[in-house]
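Coordinate analysis (summary)
Given next are the chains, with one letter for each unit.
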Amino acid sequence: MSIIILAIESSCDDTSAAVSKDAKILANVIAGQKVHELWGGVVPELASRAHQQNIVPVVDLAIQQAGISREEISAVAFTRGPGLIGSLLVGVSFAKAFALAKNLPLIEVNHMQAHILSHFIDSNPSFPFLCLTVSGGHTQIVLVKNFLEMEVIGETLDDAAGEAFDKSAKLLGLPYPGGPLIDKYSKQGDATKFLFPEPQIKDFDFSFSGVKTSILYFLQRETKKNPDFIQENLYDLCASIQKTIVDILLKKLEKAAKKLNIKEIALAGGVSANSELRTRFEELGKKNSWATYIPAFEYCTDNAAMIAIAAHYKFLNNEFSNQQAEPLARYHL
Ligand code: KG4
Ligand code: ZN
């Protein structure tokens, strides 16, 4: 019999539902939330309200697009954490109610684990592999031993890589989320125009708050001399900032791959949508004879397809949750 999973993702500001059948994605519907743009960041209370409005139509559409009936579903999966507690609560409550109504088993999924398992939607890395997970909330290098066993070997001590992009964009006066805009403007800029210092952090850990502060002080100094400095140099500033962040990420990844002697290397999370990171990751892979993996664009940022895939492997391993499950804002791998 086929395993059909209905999966719900609501950890931040995207409401998503997906349906998988035997680990193949039949539907992956994502409703973004425009309300946060005005505020320069995700407003948790607005996010959970928008999830409440979106969740029913998003799930309906996913089931419709998948071309399945509710009676065929084998289990309901949900993101338990990490994430914004109010946002998670909407997805968890919806999943529990759906499972209760249809008498279905529940499967809880760790969002970071799901970002890593998103690789198995379209490809098939061999274990063990290393995954650099870079999102708005997290920056980790993870040793992936099998579908369910993973070890964080390095992580950020302060800001996440996505935050570094978004906060730098904010300093440049760009709207939230600034990561994709920095990516876009960088294409027309000179990345060697401005140099920002790289932090010296031990082993495979990262730090981005120093970079952000040095950008802040640099901009303050320059705009004092020339109030139009940012507008006149926007593209070069974007390219230089992007290069600094990508340099930091790839240096640590290469160091970890060499130290652990692993040549199966993957990239996951929202920031893996960044075009410079993608290109230079592939180049680094060629140089080091790595087999490299990057999820398709729609599976890089938050989505429920990755929750469905993670849940599929939990289903095979008989790992079920129950009606007592509560969301977790912090949830380690
Ligand atoms: O994984 P994700 O969708 O949500 C979290 O779990 O955080 O990641 C969102 C992050 C945001 O910080 C956003 O600015 C960043 O990914 N991002 C990018 C790009 N696309 C998304 N950063 C740089 N370049 C991009 N093209
Ligand atoms: Zn994410």
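Up top is the structure.
Residues numbered from 1 in each chain as written. Chains lettered and ligands numbered in written order. Predicted model: local features only at pLDDT ≥ 70, side-chain atom pairs only at ≥ 80, totals over all residues. Heavy atoms only, no water.

**What to know about the overall build of the chain**
Put simply, the rule reads: Helix and strand assignments come from DSSP, with helices taken as H or I runs of at least 4 residues and strands as E runs of at least 2, each series counted from the N terminus. The globule rule used here is 2.2 Å times the number of residues to the 0.38 power, and the radius of gyration it is set against is calculated over C-alpha atoms. Values of accessible area rely on a 1.4 Å probe in the Shrake-Rupley scheme; residue burial ignores everything except the protein chains shown. Within this scheme the basic residues Lys and Arg register as positive and the acidic residues Asp and Glu register as negative, but His and the chain ends are omitted. To locate a charge, the coordinates of NZ of Lys, CZ of Arg, CG of Asp or CD of Glu are taken.
Within the chain, the secondary structure is distributed over 10 helices and 10 strands. Against the 2.2 N^0.38 benchmark of 20 Å for 333 residues, the chain shows a C-alpha radius of gyration of 20 Å, consistent with a compact globule. C-alpha atoms of the chain, sized along the principal axes, occupy 65 × 45 × 30 Å. Roughly 14700 Å² of accessible area belongs to the chain as shown, and the carbon and sulfur atoms make up 53% of that amount. Across the chain, the mean location of the 32 positive side-chain charges is 4 Å away from that of the 37 negative side-chain charges.

**Some words on the pairing of strand S4 (residues 75-81)**
Selection criterion: A 1.4 Å probe rolled over the protein chains alone gives each residue an accessible area, and that area as a share of the maximum for its type sets the label: buried under 20%, exposed over 50%, partly exposed in between. For two strands to be treated as a pair, DSSP must find no fewer than two bridges joining them.
The element S4 is largely enclosed, with a buried count of 7 among its 7 residues. As paired elements, strand S1 (residues 4-9) and S4 share 4 bridges and run parallel to each other. Each bridged residue has a counterpart across the sheet, and for Ile 5 the counterpart in S4 is Ala 75. Note that S4 and strand S5 (residues 106-110) share 5 bridges and pair parallel. Paired with Gly 81 across the two strands is Asn 110, which belongs to S5.

**Observations concerning the packing of aromatic side chains**
Formally: Think of it this way: a Phe, Tyr or Trp ring, Trp meaning its six-membered ring, pairs with another when their centres are within 6.5 Å, and the plane angle makes it stacked under 30 degrees, edge-to-face over 60, tilted otherwise. Only Lys NZ and Arg CZ are tested; either one counts as a charge over a ring when it is within 6 Å of the ring centre and within 35 degrees of the ring normal.
Per the counting criterion, the structure on display carries 16 aromatic pairs. Here the aromatic rings of Phe 120 and Phe 147 are separated by 4.8 Å at their centres, their planes lie at 65°, and the arrangement is edge-to-face. Here Phe 147 lies in the loop between strand S7 (139-144) and strand S8 (150-155) and Phe 120 lies in helix H4 (residues 119-122), a separation of 27 residues in the sequence. Phe 120 sits in the buried class, given a relative accessible area of 7%. Taking the centre distance of 5.6 Å and the plane angle of 85° together, the rings of Phe 196 and Phe 218 count as edge-to-face. On the criterion of sequence distance, the pair formed by Phe 196 in the loop between helix H6 (179-186) and helix H7 (209-225) and Phe 218 in helix H7 is long-range, its members being 22 residues apart. Assigned by exposure class, Phe 196 and Phe 218 land together as buried. Stacked on the ring of Tyr 331, the Lys or Arg Arg 80 has its end atom at 6.0 Å from the ring centre.

**Brief notes about the nonpolar core**
Put simply, the rule is: Nonpolar core, defined: a set of buried Ala, Val, Leu, Ile, Met, Phe, Trp, Tyr and Cys residues in which side-chain atoms within 4.5 Å join the residues together. The contact criterion used is simple: two residues touch if any of their non-hydrogen atoms lie within 4.5 Å.
Counting residues in hydrophobic clusters, the biggest one holds 46 residues, and the most contacted among them are Leu 130, Ile 141, Leu 172, Leu 174 and Leu 249. When contributions to this core are tallied by element, the ones reaching two or more residues are strand S6 (129-134), S7, helix H5 (161-171), H6, H7, helix H8 (229-260), strand S9 (264-268) and helix H9 (275-288). Element by element, the count of residues in this core is highest for H8, at 14 residues. Setting aside chain neighbours within four positions, we find Leu 130 in contact with Ile 141, Val 142, Leu 143, Ile 153, Ala 256, Ala 257, Leu 260, Ile 262, Glu 264, Ile 265 and Ala 266. In this structure, Ile 107, Phe 129, Met 150 and Ala 268 belong to the second largest nonpolar core, which totals 32 residues.

**Here's the deal with the site of ligand 1**
The following threshold applies: We call a residue near a molecule or strand whenever a single non-hydrogen atom of that residue lies within 4 Å of it. What qualifies as a polar contact is a pair of N or O atoms within 3.5 Å, subject to a donor-acceptor requirement within protein and to the restriction that residues adjacent in sequence count only when both atoms come from side chains. For this classification, Asp, Glu, Lys and Arg are treated as charged, while Ala, Val, Leu, Ile, Met, Phe, Trp, Tyr, Cys and Pro are nonpolar and the rest, including Gly, are polar. Bear in mind that the domain bounds are from an automatic or database domain assignment.
Neighbouring ligand 1 are 18 residues; Gly 136, Asp 166, Asp 183, Gly 270 and Asn 274 lie closest to it. For ligand 1, an oxygen atom lies 3.3 Å from a polar atom in the backbone of Gly 162. Separating an oxygen atom of ligand 1 from a backbone N or O atom of Gly 270 is a distance of 3.0 Å. For ligand 1, whose unbound accessible area comes to 550 Å², protein coverage reaches 89%. Within the residue set of the shell around ligand 1, elements represented by two or more residues are helix H3 (111-117), H5 and H6. Of the residues belonging to the shell around ligand 1, the class tally is 5 nonpolar, 10 polar and 3 charged. Split by domain, the shell around ligand 1 shows at least three residues from each of two domains, domain 1 (4-116 + 300-316) and domain 2 (125-294).

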